[in-house]
Amino acid sequence: MRTFVRRLQMTGGSTLIVSLPKEWAEQFGLGKGDEVTMVAMPTGPVTIIPVDAALSDGVLELQETATLDVAVRSLISLYLAGYSSIRIKLDGAAPGILRGIKETARRWLAGVEVVDERLDGIVLNVVQLHRDLPPKQVISRMGTIAAGMVQDSLSLLANPSRDEVQDLIDRDDEVDRFYHYMVRLTNLTIIDPRILQSLEVDEPQLLLGYTMVARSIERVADHATNIALLTLERNLDVNSFGEFYNHCLLCTTHFWRSVDSVLEPHAETSQRLLDESSEYLRDLERLFVKTLERKVPVGLQVALRVLYDNVKRIVEYSTDIAEVALNLSYPRPRFVRRSL
């Protein structure tokens, strides 16, 4: 990155103008009469972009030694980076790897569609969803799904169902798709701040906060899945640890209230949530220890430890979300001219 200092000039008696760096103009082949878009950020800076500029395509070449894991990680990286078109070429890799790539796109990447497919590769386009799916709506949707997962996973401990566990795992994929979408949006707005206009986000810092929240929600969904999988390993009689189990059920409330605080940030509300979560975690640990002191069987001890660890992490991620809400409740700094 380079910086350039220019002096403002006056033209026509009242219009201020500034010259553009020559090497920047040459990079895009700009000349007299060409148009540029000037994006004024709320915090002060102005970004200049050629009107007809477009992002380059992403290219992924898979060599003979490429595994599906390598291909999947590379595809996700290109998606998160912000490419709207991704061309995948087989340079020795087995054609069957393309099936795994398409399955990955379907499960974890929002807006991806196959527009060209041949024996030696495929082309994926990413539909620009930001106009119809703004960040605040994504956070609300993610929070609703994850809260339902937490509540359902704890309910499954009392009434196990293999089919419902699989349904919960499918919901976890949906949360992952939203999270990847949020990371992609953040990267895109860094490259092209014009996108902020269609996101219902006034400041780029707000989008960064939403992406941090999306990460915490994604982790909460993972812990809910861990609790659900516990029901496949052993049948648990929740009545044998009823007090501890009932307290675990309250973690859903802490989580959803933290998400709600991000959607409508308020400093006092966030501070109260943080204090209440700390108190909840102290009570959770106390009841966990109290339950183990009853000399429960070793198998149940292991299961309770798994339950305790995952519920604890859910509430800890809830506090992370509440901390973001607290940060967002205060105004962000802006550029101002120093007094002369």
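For the structure itself, look to the data block above.
Each chain carries its own residue numbering, running from 1 in the direction its sequence is written. Given that this is a predicted model, residues contribute local features only at a pLDDT of at least 70 and side-chain atom pairs are listed and counted only at 80 or more, while totals for whole chains, interfaces and linings are drawn from all residues. Hydrogens and water are ignored here; the side-chain numbers use all heavy atoms of the structure.

Draft legend 1. Representation of the environment of Arg 313. The way it works is that DSSP assigns letters per residue, a run of H or I at least four long becomes a helix, a run of E at least two long becomes a strand, and they are numbered from the N terminus. By secondary structure assignment, the location of Arg 313 is in helix α10 (residues 298-328). Sequence-wise, Arg 313 and Arg 332 are 19 residues apart; in three dimensions their C-alpha atoms are separated by 30 Å.

Draft legend 2. Broad picture of the pattern of salt bridges. Salt bridges are counted wherever a side-chain nitrogen of Lys or Arg sits within 4 Å of a carboxyl oxygen of Asp or Glu. Applying the stated rule across the entire model yields 17 salt bridges. For the salt bridge of Arg 313 with Glu 316, the shortest nitrogen-to-oxygen distance reads 2.3 Å. Separated by 3 residues within a single helix, Arg 313 and Glu 316 lie in helix α10, roughly one turn from each other. Since its relative accessible area comes to 31%, Arg 313 is described here as partly exposed. For the exposure calls, accessible area comes from a 1.4 Å probe over protein chains only, and a residue counts as buried if that area is under 20% of its type's maximum, exposed if over 50%, partly exposed in between.

Draft legend 3. Structural view of the pairing of strand β5 (residues 58-63). Side chains Gly 58, Leu 60 and Leu 62 of β5 all project onto a buried face; the interleaved residues Val 59, Glu 61 and Gln 63 project onto a face where none is buried. With 6 bridges joining them, β5 and strand β6 (residues 85-91) adopt parallel strand pairing. For Leu 60, the partnering residue across the bridge sits in β6 and is Ile 88. If the strands point away from the viewer and the path from the first strand over the helix to the second runs clockwise, then the crossover is right-handed. Of the crossover connections in this fold, the one passing from β5 over helix α2 (residues 68-81) to the parallel β6 is right-handed. Note: two strands are recorded as paired if DSSP finds a minimum of 2 bridges between them.

Draft legend 4. Here's a closer look at the nonpolar core. Residues Ile 88, Ile 217, Phe 244 and Leu 307 are the most contacted members of the largest nonpolar core, which totals 92 residues. Of the residues forming this core, the biggest block, 13 residues, is contributed by α10. Only heavy atoms enter the contact rule, under which two residues are in contact if any of them lie within 4.5 Å. Leave out the neighbours within four places in its chain, and Leu 307 touches Leu 154, Leu 157, Ile 227, Leu 230, Phe 241, Phe 244 and Cys 248. By nonpolar core is meant a set of buried Ala, Val, Leu, Ile, Met, Phe, Trp, Tyr and Cys residues that side-chain atoms within 4.5 Å join together. Counting residues in each nonpolar core, the second largest holds 5 residues, with Ala 267, Leu 273, Leu 274 and Leu 326 among its members.

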